[in-house]
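Residue strings, one per chain:
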Amino acid sequence: MKSGRKRKSLINKSQEERFRPIINKTHTMKALKFIIVLLIATNASLQSQIIRSKLDLTAGISAREYLHAGLRYQYTDITQFGIAIGNDLELNSNEKISTYSLDHIIHFGALSMYSSRPVWYARQGLTYSINREGADRTRKYTYINLGAGREFSVNTWLGFNADLGFIWQINSVTEENNNTRSDNLRQIFPLARIQVFISF
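S.K.: Would you explain the overall build of the protein chain in this entry?
M.R.: Per the secondary structure count, the protein chain includes one helix and nine strands. Mapped in sequence order, the helices and strands of the protein chain form the string α-β-β-β-β-β-β-β-β-β. Taking all 200 residues of the protein chain together, the buried fraction comes to 29%. Of the contacts made within the protein chain by residues no fewer than 6 positions apart, 51% connect residues no fewer than 24 positions apart. In the form shown here, the protein chain has an accessible surface area of approximately 13,100 Å², with 64% of it arising from carbon and sulfur atoms.

S.K.: Would you take a moment to explain the pattern of salt bridges for this structure?
M.R.: Close approach of charged atoms allows side chains of opposite charge to pair. On inspection of all chains with the given rule, the structure shows 13 salt bridges. With a closest N to O distance of 2.7 Å, Asp 56 and Arg 117 form a salt bridge. Within this pair, whereas Asp 56 is found in strand E1 (residues 55-62), its partner Arg 117 is found in the loop between strand E4 (96-111) and strand E5 (118-133), the two being separated by 61 residues in sequence. Across the pair, Arg 117 and Asp 56 agree in class, each one buried. When salt bridges with common partners are traced through the structure, they connect Glu 65, Asp 103, Arg 123, Asp 163 and Arg 193 into a single cluster.

S.K.: Quick question: what am I supposed to make of the pairing of strand E2 (residues 66-74) here?
M.R.: When a strand is regular, its side chains alternate between the sheet's two faces. Taken together, the eight bridges between E1 and E2 define a ladder with antiparallel strand orientation. Within E2, the position partnered with Leu 57 by the bridge is Leu 71. The antiparallel hairpin formed by E1 and E2 contains three residues in its connecting segment, where Arg 64 sits at a positive phi of about 75°. Bridge count for E2 against strand E3 (residues 79-87) is eight bridges, and the pairing is antiparallel.

S.K.: Explain the environment of Phe 152 to me, please; I cannot follow it from the model alone.
M.R.: Within the fold, Phe 152 resides in strand E6 (residues 137-153). Given the relative accessible area of 34%, Phe 152 is considered partly exposed. The spatial distance from the C-alpha of Phe 152 to the C-alpha of Ser 115 is 9.9 Å, given a sequence separation of 37 residues. Not counting residues up to four positions away in its chain, the partners in contact with Phe 152 are Gly 159 and Phe 160.

S.K.: Sorry if this is basic, but what is going on with unusual backbone geometry here?
M.R.: In most cases, non-glycine residues show a negative phi, while peptide bonds are predominantly trans. Unlike most non-glycine residues, Arg 64 shows phi in positive territory, near 75°. Residue Tyr 66 is not a glycine yet carries a positive backbone phi of 55°. Residue position: Tyr 66 is located in strand E2.

S.K.: Sorry if this is basic, but what is going on with the nonpolar core here?
M.R.: Soluble globular proteins tend to pack their nonpolar side chains together in the buried interior. Membership of the largest hydrophobic core is limited to five residues, which are Tyr 141, Tyr 143, Ile 167, Phe 189 and Leu 191. Breaking this core down by element, the ones donating at least two residues are E6 and strand E9 (187-199). Not counting the four nearest positions on each side in its chain, Ile 167 is found in contact with Ala 63, Arg 64, Tyr 143, Ile 144, Asn 145, Gln 187, Ile 188, Phe 189, Pro 190 and Leu 191.

S.K.: In this structure, what is going on with a nonpolar patch on the surface? I would like to understand it.
M.R.: A cluster of nonpolar residues, Leu 57, Leu 71, Tyr 73, Tyr 75, Phe 81, Ile 83, Leu 102, Leu 126, Trp 157, Ile 198 and Phe 200, forms a patch on the protein surface that exposes about 990 Å² of accessible area. Of all elements in the fold, only E2 and E3 reach the threshold of two or more residues within the nonpolar patch. Tracing the sequence through the fold places Leu 71 in strand E2. You can call Leu 71 partly exposed: its relative accessible area is 38%.

Conventions we followed
Residues numbered from 1 in each chain as written. Predicted model: local features only at pLDDT ≥ 70, side-chain atom pairs only at ≥ 80, totals over all residues. Heavy atoms only, no water. Helix = DSSP H or I, 4+ residues; strand = E, 2+ residues; numbered from the N terminus. Buried < 20%, exposed > 50% of the residue type's maximum accessible area, 1.4 Å probe, protein only. Contact = heavy atoms within 4.5 Å. Areas by Shrake-Rupley, 256 points an atom, 1.4 Å probe, with all protein chains shown as cover. Salt bridge = Lys/Arg side-chain N within 4 Å of Asp/Glu carboxyl O. Pairing = 2+ DSSP bridges. Core = buried A, V, L, I, M, F, W, Y, C linked by side-chain atoms within 4.5 Å. Patch = residues over 30% accessible without salt bridge, like charges linked within 9 Å, V, L, I, M, F, W, Y side chains within 5 Å.

Written as structure tokens, this is what we have:
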């Protein structure tokens, strides 16, 4: 009886020793897969952080944005989001114009020598303009901007860009003597813009 139990325990022990390498190998493969996935995720996170650290300070002049300054934030390797505030510097003494703009930019084509993003781009934007004419009359316009252009990098931190396209006026509101009048007249104007940018 004792010898039978002893023989059975020896058989079980030999089976355990036989399957132990398989178990260890399985655990090792799982550990390697986990490490590989972790390394890929870490690398993607680092690349994303590097790209997202790309910030441009911009200044320029354009139709319907006038003299303006703003920021552009590169959130992927080919796309940017921008904001800008503009003013006509009251060149016309009877009118004061202020503008507020949002831009979305998609880059394509060849890469720049000094930048990680392609030099050509398509721009989609929205501009809100407030025109104050004297003390009692204000005109407010909303425009959609569509254009295409190119960046020209001078070095790793300085460059300029220029684009052409068109501006679509989608709304116009006139406020005068406490009365508000909305004009749904849609108009299209040519667009030309040039900017200088400093990259951080």
